[in-house]
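Fold and contact review
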Amino acid sequence: MSTQRFRRAVAAAVAGVVAFAGAGCAVDRSGADDGKPTIRLAYQSFPSGDLIVKHNRWLEDELPGYNIEWTKFDSGADVNTAFVAGQVDFGALGSSPVARGLSAPLNIPYQVAYVLDVAGDNEALVARNGTGIESIADLRGKRIGTAFASTAHYSLLAALDRNGVTDAKLVDLQPAASLAAWERGDVDAVYTWLPTLDQLRKSGKTLITSRELATAGKPTLDLGVVSTAFAQAHPEVVDIWRKVQTRAIDTIKNRPADAAVAVAAEIGTTPADAAQQLAQGVFLTKEQLTSAEWLGAEGRVGEIAASLRSAAEFLAAQKQIPAAPSVRTIEDAIYVKGLPGVLD
């Protein structure tokens, strides 16, 4: 896609988000007080600590001087569009959309402030039963659904590239739409994430998971980002947001039943199903998060910068973006102020 066409697509998407926000769809404004400033958070329904924070209203408890507004989005591409439109302050999205967001022509002024999870078996490529597809090599000439500009899209491209598949037909489908297309027989395979992924697995074969691709050097992450302007104006709010995210990870690890109840309520499933879905992700401890391998600490950005740079380079090679941003640009987009001490 040319830069000019990409810019037109972004402009159209921004108009869509503005209309969406104006209609108030999927926006939780419960308990809003017109006399308070509002913190706007974009979330997705993948099983994560972010859903635990939302369900338990921890931000509302910690920040009584603010309205807390949660808006649900279907993919990281949609979250990026909301940032472009100036509609959100915090967002949950995958590493591939973040790499794209930090690149031209988007150049979104946001920073990575948290690793929500490392993709494991909670994101995978599944082939529909009856298609005769037994391996990735069998996908030549087949129709594959995935949400474009998502971590699943990035992982799908990596999997196809590793196996020399160049003629598959990729179809841009959000998770719910991919399930509907699957059931109609319109697609032969889908690369997506939970909870839709578990629905597909009931009548399909898993060809590869994001955990396997991570082992092969193509890791994908779900990240928490914050608007640079908001972080500069309200660093104390970012600190509190990171603390409650860490509290949520602790809940997943040490009180899994409580975590499952919260996630189940947010994604509309049973606690047993939510527990099974949470078990498929990889959640970093505070020590891991602030290590050199991941986010890093104040004064030393971690390897997440190299991971995002690698993702951007891959996207550029696949002509998904014009070019990867500089190493300095990516390092500047990692928010490590106060780490690790601020999480104590």
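Treat the numbers as computed from the prediction; the structure is a model and nothing was measured.

1. Concerning the overall build of the protein
- A tally of helices and strands in the protein yields 16 helices and 13 strands.
- Relative to the 2.2 N^0.38 estimate, which gives 20 Å for 344 residues, the radius of gyration of the protein is 19 Å and therefore close to what a compact globule would have.
- Reported as C-alpha extents along the three principal axes, the dimensions of the protein are approximately 55 × 45 × 40 Å.
- Within the protein, the fraction of its 344 residues that count as buried is 53%.
- In the protein, the proportion of contacts linking residues at least 24 apart, taken out of those at least 6 apart, comes to 77%.
- Summed over its atoms, the accessible surface of the protein is roughly 13900 Å², and 49% of this surface lies on carbon and sulfur atoms.

2. Some thoughts on the pairing of strand 8 (residues 169-172)
- Of the pairings in the sheet, the one linking strand 7 (residues 143-146) to strand 8 comprises four bridges and is parallel in character. Each bridged residue has a counterpart across the sheet, and for T146 the counterpart in strand 8 is D172.
- Between the parallel pair strand 7 and strand 8, the chain is carried across by helix 6 (residues 151-162), and the sense of this crossover is right-handed.

3. Side note on the sheet that holds strand 8
- Ordered in space as 8-7-9-6-10, the five strands form an open sheet in which the pairing is mixed. A strand with exactly one partner marks an edge of an open sheet, and here the two such strands are strand 8 and strand 10 (204-209). Each strand of the sheet is rotated relative to its neighbour by a mean of 25°, with strand direction disregarded.
- Of the strand pairs in this sheet, strand 6 (residues 123-128) and strand 9 (residues 189-193) are connected by five bridges, and their pairing is antiparallel. Bridging across to strand 9, V126 finds its partner in V190.
- The sheet strands contacting helix 7 (residues 175-184) are strand 6, strand 9 and strand 10, and the helix crosses strand 9 at an angle near 155°.

4. Points about the layout of surface pockets
- Computed from the structure, the second largest pocket encloses a volume of approximately 190 Å³.
- Taken together, 13 residues line the second largest pocket, and the ones lying closest to its centre are S45, D74, P175, A176 and T196.

5. With respect to the packing of helix 2 (residues 49-56) against helix 11 (residues 235-254)
- Direction vectors running N to C along helix 2 and helix 11 enclose 105°, while the axes themselves pass 8 Å from each other. Looking at the two axes, helix 2 sits roughly perpendicular to helix 11. In contact with G49, D50, I52 and V53 of helix 2, helix 11 contributes V244, Q245, A248 and I252.
- Within the contact of helix 2 with helix 11, the residues separate by chemical class into five nonpolar, two polar and one charged.

6. Focus: unusual backbone geometry
- Looking along the chain, the bond that leaves L194 and enters P195 is cis, with omega of 0°.
- By the secondary structure assignment, P195 is in the loop between strand 9 and helix 8 (196-201).
- The peptide bond linking L339 to P340 adopts the cis configuration, its omega dihedral lying at 5°.
- Take P340: it is sitting in the segment after helix 16 (327-332).
- The phi torsion at R57 lies on the positive side, around 55°, for a residue other than glycine.
- With respect to the secondary-structure elements, R57 resides in the loop between helix 2 and helix 3 (58-62).
- Residue R57 is classed as partly exposed on the basis of its relative accessible area of 35%.

About the thresholds
- Residues numbered from 1 in each chain as written.
- Predicted model: local features only at pLDDT ≥ 70, side-chain atom pairs only at ≥ 80, totals over all residues.
- Heavy atoms only, no water.
- Helix = DSSP H or I, 4+ residues; strand = E, 2+ residues; numbered from the N terminus.
- Rg over C-alpha atoms; globule rule 2.2 N^0.38 Å.
- Buried < 20%, exposed > 50% of the residue type's maximum accessible area, 1.4 Å probe, protein only.
- Contact = heavy atoms within 4.5 Å.
- Areas by Shrake-Rupley, 256 points an atom, 1.4 Å probe, with all protein chains shown as cover.
- Pairing = 2+ DSSP bridges.
- Right-handed = clockwise from strand over helix to strand, strands pointing away.
- Axes fitted to C-alpha atoms, helices over the stretch in contact; angles between N-to-C directions.
- 1 Å grid on protein atoms, 1.4 Å probe; cavity = no way out; pocket = protein on both sides within 12 Å on 5 of 7 lines; lining within 4 Å.
- Points joined across faces, edges and corners; volume = space filled by probe spheres on them.
- Parallel < 35°, antiparallel > 145°, perpendicular 65-115°, else oblique.
- Nonpolar A, V, L, I, M, F, W, Y, C, P; charged D, E, K, R; others polar.

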